[in-house]
Amino acid sequence: MAFEIGVLFALGALIGWGFGDFLIQRSVRKLGDWEPLLIITAFGAVALTPFVYGEIHSLVLASDYSFLVLLGASFVIFLTAIIDFEALRIGKIAVVEPVYSLEVPVSALLAFVVIGEVLEPLHTALVVTLMIGILMVSMRSRHFSRRVWLEKGAALAALFQGTTNFMVGIASRETSFLITNWFMSLFIALVCAFYIIMHKRTHKLVQHLNENKRLLVTVSIFDNIAWIFFAAALTLTPIAIAVGISESYIALAALLGIIVNKEKLLTHQKFGLLLALLGAVTLAIVY
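Structural notes, computed from the coordinates. (Residues numbered from 1 in each chain as written. Predicted model: local features only at pLDDT ≥ 70, side-chain atom pairs only at ≥ 80, totals over all residues. Heavy atoms only, no water.)

1. Some points on the overall build of the chain
Per the secondary structure count, the chain includes 14 helices and 0 strands. Mapped in sequence order, the helices and strands of the chain form the string α-α-α-α-α-α-α-α-α-α-α-α-α-α. When each of the 287 residues of the chain is scored for burial, the buried share is 51%. A sequence separation of at least 24 residues applies to 90% of the contacts in the chain between residues at least 6 apart. Entry remark: accessible area of the chain is about 13,500 Å², with carbon and sulfur atoms responsible for 72%. (Helix = DSSP H or I, 4+ residues; strand = E, 2+ residues; numbered from the N terminus. Buried < 20%, exposed > 50% of the residue type's maximum accessible area, 1.4 Å probe, protein only. Contact = heavy atoms within 4.5 Å. Areas by Shrake-Rupley, 256 points an atom, 1.4 Å probe, with all protein chains shown as cover.)

2. Focus: helix α9 (residues 177-198)
Since one α-helical turn is 3.6 residues long, residues separated by three or four positions face the same way. If you check α9, its first and last C-alpha atoms are 32 Å apart, about what 22 residues at 1.5 Å a residue would give, namely 32 Å. Within the sequence span of α9, burial applies to I179, T180, N181, W182, F183, M184, S185, I188, A189, C192 and I196. Positive backbone phi, at 55 degrees, marks K200, one or two positions downstream of α9. (Expected span 1.5 Å × (residues − 1).)

3. As for the packing of aromatic side chains
Evaluation of the coordinates by the stated rule reveals 9 aromatic pairs. Measuring from ring centre to ring centre gives 6.4 Å for F9 and F177, while their planes differ by 45 degrees; the resulting arrangement is tilted. Taken as a pair, F9 in helix α1 (residues 2-31) and F177 in helix α9 lie far apart in primary sequence, 168 residues in all. Under the relative-accessibility criterion, F9 is labelled partly exposed at 23%. Pairing W227 with F230 gives two aromatic rings, centres 5.9 Å apart and planes at 80 degrees, and the pair type is edge-to-face. In this pair, W227 and F230 both sit in helix α11 (residues 213-236), 3 residues apart, roughly one turn of the helix. Residue F230 is classed as buried on the basis of its relative accessible area of 0%. Among the aromatic residues, ring-to-ring pairing joins F9, F177 and F229 into one connected group. (Phe/Tyr/Trp six-rings, centres within 6.5 Å; stacked < 30°, edge-to-face > 60°.)

4. Thoughts on the packing of α9 against α11
Remark: α9 packs on α11, axes separated minimally by 8 Å, with the N-to-C direction vectors making an angle of 135 degrees. Between α9 and α11, the crossing angle belongs to the class labelled oblique. For α9 against α11, the interelement crossing comes out right-handed. Contact with α9, carried on its side by F177, L178, N181 and S185, involves N224, W227, I228, A231 and A232 of α11 and no other residues of that element. (Axes fitted to C-alpha atoms, helices over the stretch in contact; angles between N-to-C directions. Parallel < 35°, antiparallel > 145°, perpendicular 65-115°, else oblique. Left-handed = near helix turned anticlockwise from the far one by under 90°.)

5. Focus on the side chain of E35
Within the secondary structure layout, E35 lies in helix α2 (residues 34-60). In this structure E35 is buried but unpaired, with R201 as the nearest side chain of opposite charge at 4.0 Å. Non-local contacts of E35, meaning those with residues more than four positions away in its chain, are made with I196, R201, K204, L205 and H208. (Lys, Arg positive; Asp, Glu negative; His and termini not counted. Salt bridge = Lys/Arg side-chain N within 4 Å of Asp/Glu carboxyl O.)

6. Points about the environment of G162
Within the secondary structure, G162 sits in helix α8 (residues 154-174). A relative accessible area of 0% places G162 in the buried class. Once the C-alpha coordinates of G162 and L109 are considered, the two residues, 53 residues apart in sequence, prove to be 9.2 Å apart.

7. Examining the nonpolar core
Core analysis: the biggest nonpolar cluster contains 54 residues, and W17, I24 and F230 have the highest contact counts within it. At the level of elements, α1, α2, α3 (66-90), α8, α9, α11 and α12 (239-246) are the ones that each hand at least two residues to this core. Looking at which element gives the most residues to this core, the answer is α11, with 10 residues. Among residues more than four places away in sequence, those in contact with F230 are F9, A13, W17, N165, A242, V243 and S246. (Core = buried A, V, L, I, M, F, W, Y, C linked by side-chain atoms within 4.5 Å.)

Note that every value here comes from positions in space, so none of it alone points to a role or purpose.
Here you go:
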């Protein structure tokens, strides 16, 4: 039963990230990288505090490596978020998202090398099918340019995101998925607040928050729910399975970019969408 719940959490992360990335791009293009990241993580830290309050004291005094694991995961996800936000800010979401599919094999490779997590051949084939579908639905002719895959930080973001997926999985298993999300949100929020204060942008932050309340609250809800669901999925299913299913958000985010920009779906994109959806559903059912 735990596996089935884990799959549902991964599907929830898929939806949350699909809309979340689309809204993040709108946010960072209006406000830059640091302010939306502060609002999103501060929202998460505050919202989760009542649920983890009783565990905070024991976490600080823990004699194992839990605190260090959380600190390492938080640092990696902070770097990932900055690169991701900047890639979305300067690039088109339908261009950037396909490159992010590289995080699927990165996460799976780390899980195999570090903790010896191996998938059945059928599950591996379904994850590969998912990845191919994601690539097809979000790729257009411009993606065959070498520059798209090497410039604008997208490829670097994919590498960091794959590492982040693995680190979040380890941290969630060492502590809990709620503590992991709370700690990471608090860490990133403090770093962002320090940066904004040091650069004397507090007044501008308040102004932007007042002018964009609906957008910032909406993106905060979607993104935090996605990360909570994803971390929960990682504690109940193998990392490669959780990542494989949830990463279909890439196709959803790319589709939102295409639909909003009134671009027509090409034949291979329609086939890729079908392949990605069938791959995700089949993987969820078979697993």
